[in-house]
Every structure is written in C-alpha cells, then in structure tokens.
Amino acid sequence: ETGIDHFKFEQLISWEEDDIDETNRYDMRLVQHEDGYIYGTYCAEKKDLSIHDTSSALAEVGLVRTQDLKTWEKLPNLRTKASQQRNVVLHPEFKDGKYVFYTRPQDGFIEVGSGGGIYLGYVDDITNPVIEKEYLIQEKIYHTIYEYKNGQGPAPLKTEKGWLHLAHGVRQTADGLRYVLYMFATDLNDLTKIIAKPSGYFIAPLKEERTGDVSNVVFSNGWTVHQNDVYIYYASSDTRMHVATTTIPQLIDYVFNTPQEVYRSHDSTKQRQDLINHNKTIKGE
C-alpha cells in the first residue's frame, strides 16, 4: 500500500513459448498503454550460431501484453534494421496513430559500436512490430556519463512541461564500466526534441551499492506516480533493489533548472561561477 513495504509475490509470470532457441529473458519494462493493454518489452537472448564460441549471443526485443497481469499474450519480437537491440521501451501514448518505441541499436551483444544511444522508432501494427527507421534522440558523448552507451530506463512520465525521462549512462573508467542514472525532458509534441538535460548524474552507486554481482552499477526499469509522489525503483550492482521517493514538481525543478552540460572544464567553471554570483545577488550579498 505504501509503494515501499510488504510486497507480496503471488506467481511467476509466463507465456506460451514461441522460440525454443531463446535462452534468457531479462530487463523487462512494463508500460500501461492508452490502447488498454499493459505491455512488457524485454531482452530476448539466444546463442549466436554464426560464431563458434560459448559467449557469443544475440539480443532481440521480446514483446508481451496483458490486461490483468496474470494472463500474458506473446507477440512477435520487435524487428529493426539493427543487428542487435536491447533496452527497448514502449511510449505510453500513440503518436499520429502509431506506436512509439525507444530503442538502443547495437553492433554486437556487448560492444555497441556505432549504436549505443537512445533512438526512437514508429510501429504501425503492434501484432507485427516492425521499425523501418530509428531516429537518434540522445547520442553518446566523449568523456561524459554517457560516453560508452546509454539507454532509456522506464517509460517517460508526462507532465505539463514535457515528457520526463530517466535513463542510464555508461562510462569507461580505470575500474571498468560505471553505470549511473540521468534525466532529460522531451517536447510534448515532438518526441525526438530534447528541451532540457541537466548536467551530471541523477543517481550514482554509492557505498554498499557499488559492490555486488556486477559492481559499480545502478539501473532502473520502472517508476510509478501516485498523485504527485514518484517512486523510483532501481537496482544496484545487479544484486539488490532500492526505491527513491520524490515528487513531480521536484523532478521538474531539477530537470529544467539544473545547469545544462557544456562538455568543457573551462566552460563549466564559468557556468558555475555565474550561478554562484546569481545566488549571491538573490541573497543580497
């Protein structure tokens, strides 16, 4: 009842198998779509038979739907032009009568290659989900929290100011890959247009969150809204589950009023000094 305490797990979800080569299912995002269904998009992994070793895999996008969270209907896997896909999320509303997916194309199972950013694509028929063209929304950028790869977390939240997005960014460090969560906002009408993107991370792994099965990682697949309260569910190091609480007004304030990324230390210094001077003026110092 609180969104935090005393969860009850009644049953494992399952559906009729349609691909005996599929070995793993993970990273599902659930979204309640305006068409009346709750959809789940997940990574459907199978062995890459074109390469003769035991670690090569193919990542596809599995798609299921339900109306009661008990009986699930398997739909065909999402098809795109990319050789591999994961971290795909369904937008909760139609756009011009079409379904909208946030995608992350990759050249390989681990190595993202020319992909790795957050893209957007349209599907005419959800029972035959095909994306002909993917439009880049948020790219990878050198020496930032999203230099190696980034991807949409849960489905975005609709507010009067725009769609609020929670995403994960990955950077190469001397200690390996580091996953953090960051936020941005897109236009209510033009879903490909970013209208606000605060610099830096929103949530990063701290203290005990930094260690686990896959260390130095925070990752989110879901958030919920009750009135203005927001519950952000995120995992740390593939080991434990957390919930962070906030409000819609606080998230809007953070996303739209935090200084934007300028990508150079020299420019960041001036930006922060201007902010300090502005705050001093407000305080009458």
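So, how was this worked out
Residues numbered from 1 in each chain as written. Predicted model: local features only at pLDDT ≥ 70, side-chain atom pairs only at ≥ 80, totals over all residues. Heavy atoms only, no water. Pairing = 2+ DSSP bridges. Helix = DSSP H or I, 4+ residues; strand = E, 2+ residues; numbered from the N terminus. Axes fitted to C-alpha atoms, helices over the stretch in contact; angles between N-to-C directions. Contact = heavy atoms within 4.5 Å. Phe/Tyr/Trp six-rings, centres within 6.5 Å; stacked < 30°, edge-to-face > 60°. Buried < 20%, exposed > 50% of the residue type's maximum accessible area, 1.4 Å probe, protein only. Lys NZ or Arg CZ within 6 Å of the ring centre and 35° of its normal.

Visitor: Any details on the sheet that holds strand 3 (residues 57–66)? Residues and values, ideally.
Guide: Read from one edge of the open sheet, four strands run 1-2-3-4, paired in antiparallel fashion. A single partner strand is all that each edge strand has here, and the edge strands are strand 1 (22–32) and strand 4 (72–78). Here the strands of the sheet are splayed against their neighbours by 25 degrees on average, with no regard to which way each runs.

Visitor: Quick rundown of the environment of alanine 235? Include the residues and the values.
Guide: Mapped onto the elements, alanine 235 comes out in strand 17 (residues 229–236). A sequence separation of 16 residues divides alanine 235 from phenylalanine 219, and the C-alpha atoms of the two residues are 5.4 Å apart. Residues contacting alanine 235, with those up to four places away along its chain left out, are Val217, Val218, Phe219, Arg240, Met241 and His242.

Visitor: Quick rundown of the packing of aromatic side chains? Include the residues and the values.
Guide: Each aromatic ring pair is specified by the distance between its two centres and by the angle formed by the two planes. Summed over all chains, the structure comprises 10 aromatic pairs. Between the aromatic rings of phenylalanine 94 and tyrosine 99, the centroid separation amounts to 4.7 Å while the plane-to-plane angle is 65 degrees, which identifies the pairing as edge-to-face. For phenylalanine 94, a relative accessible area of 31% corresponds to the partly exposed category. Members of the aromatic cluster, each reached through a chain of ring pairs, are Tyr37, Tyr39, Phe94 and Tyr99. The side chain of arginine 86 reaches across the aromatic face of phenylalanine 109, ending 4.5 Å from its centre. Between the NZ or CZ atom of lysine 161 and the centre of the ring of phenylalanine 256, over which it lies, the distance is 4.7 Å.

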